[in-house]
Amino acid sequence: NYSQVFEQVPFARYLLNSLLVATVVTAVALLFHSMAAYSLARLRFPGRQAIFMAILCTLMVPFTVIVVPLFLIIDWLRWVDTYQGLIVPMIPHAFGIFLLRQFYLSLPRELEEAAIVDGASLVRVYWHIVLPLSRPILAALGIFFFLANWNNFLWPLVVTQSQDLWVVQLGIQQFTGQYGSQYHLIMAASTVAALPTLLMFFVFQKRLVEGIKLTGLKG
C-alpha cells in the first residue's frame, strides 16, 4: 500500500510542497507576529487599543467567509497557481498576535529598561532581549502554525490548478474517485502525512508544554 501511494501519484512532491509552505509560513508569521505583538504590548501610540481590538475581531470571522474575496485579491495579483498564492495569505493571523502580546505583557519591564539605559535601541532590545525570552511561546506557536498549514486543505484546493503545486492533503484526495474510494491507499497516505507532525510533537513536546504554561493572561 505504501509503495503504491508513491507509484500512483507524485506523493513525494506533495510532501515537499507541504513542507515548504508550512515552514515558510511558520517562520515569516512568527517574525511578523512577534514584531506586531511587541509594538502593541510596549509602544504607546494613538489608536493602539483600537488596532488591537480590530485584530481580535477578525478571530470571529470564519475563513470560509473570506475565501472568495481573498481569491479575487490573489487573482488580481496574478498569484493564482503560484507558491506566493499558497504562502502569503496564510501568514497573517490574529491568534498569533494576541497570544504573543499577552506573553509580552507578562515580561518584566525592568529588563528592557536596563538595556535602554545602557544605550540599546528599541530594535536591539526586541532582537537581543525579548526574542530570546520568547523562545518557549514561539516554539509552541510555531507548532500550531506548522500543523495548521500542513493540514490545510481548502485554500490549496481553491488557489492551485497545477498538480506540481498540490500539497499532501490534496494528494490524499486523489485516491477518492467518482465511483469508489481506494481506502487502503487513503489510510497509507494519511499515515505517511501524519508522521512529520507526530515527529515534530515528540521533538518539541517540552517546548510546547512550557510555552503553554508561560503564556500570560495579563490584560
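Enquirer: Requested: an account of empty space enclosed by the protein, with residues and values cited.
Expert: Enumeration according to the criterion identifies one cavity of 30 Å³ or more in this entry. By volume, the largest cavity is sized at about 40 Å³. Along its surface, the largest cavity is lined by Val 21, Leu 86, Met 90, Asn 149, Asn 152, Trp 155, Pro 156 and Val 167. Looking at the lining of the largest cavity, its residues break down into six nonpolar, two polar and no charged.

Enquirer: Tell me what's going on with the environment of Ser 190, and back it up with residues and numbers.
Expert: Residue position: Ser 190 is located in helix α12 (residues 183-203). Residues Ser 190 and Arg 48 lie 142 residues apart in sequence; the distance between their C-alpha atoms is 44 Å.

Enquirer: Give a detailed account of helix α4 (residues 63-76), specifying residues and quantitative values.
Expert: Its 14 residues give α4 an end-to-end C-alpha distance of 19 Å, which sits within 8% of 20 Å, the value for a rise of 1.5 Å per residue. The sharpest bend along α4 comes to roughly 30°, located at Pro 69. Buried residues along α4 sit against α5 (83-87) and α10 (154-159).

Enquirer: How would you explain the packing of helix α7 (residues 109-117) against helix α8 (residues 122-133) if you had to name every residue and give the values?
Expert: Contact geometry for α7 and α8: axes closest at 10 Å, N-to-C directions at 155°. When the axis of α7 is compared with that of α8, the two are roughly antiparallel. Every pair of crossing elements has a handedness; the one defined by α7 and α8 is right-handed. Contacts between α7 and α8 involve Leu 111, Glu 112, Ala 115 and Ile 116 from the former and Val 125, Ile 129, Val 130 and Leu 133 from the latter. Residue classes in the contact of α7 with α8 are distributed as seven nonpolar, no polar and one charged.

Enquirer: For the side chain of Ser 18, give the residues involved together with the corresponding values.
Expert: The topology assignment puts Ser 18 in helix α2 (residues 11-42). Dropping the residues within four chain positions of it, Ser 18 is found in contact with Trp 150, Val 167 and Val 168.

Procedures and definitions
Residues numbered from 1 in each chain as written. Predicted model: local features only at pLDDT ≥ 70, side-chain atom pairs only at ≥ 80, totals over all residues. Heavy atoms only, no water. 1 Å grid on protein atoms, 1.4 Å probe; cavity = no way out; pocket = protein on both sides within 12 Å on 5 of 7 lines; lining within 4 Å. Points joined across faces, edges and corners; volume = space filled by probe spheres on them. Nonpolar A, V, L, I, M, F, W, Y, C, P; charged D, E, K, R; others polar. Helix = DSSP H or I, 4+ residues; strand = E, 2+ residues; numbered from the N terminus. Expected span 1.5 Å × (residues − 1). Bend = angle between axes of the 7 residues up to and from the residue. Contact = heavy atoms within 4.5 Å. Axes fitted to C-alpha atoms, helices over the stretch in contact; angles between N-to-C directions. Parallel < 35°, antiparallel > 145°, perpendicular 65-115°, else oblique. Left-handed = near helix turned anticlockwise from the far one by under 90°.

These figures come from the coordinates and say nothing about function on their own.
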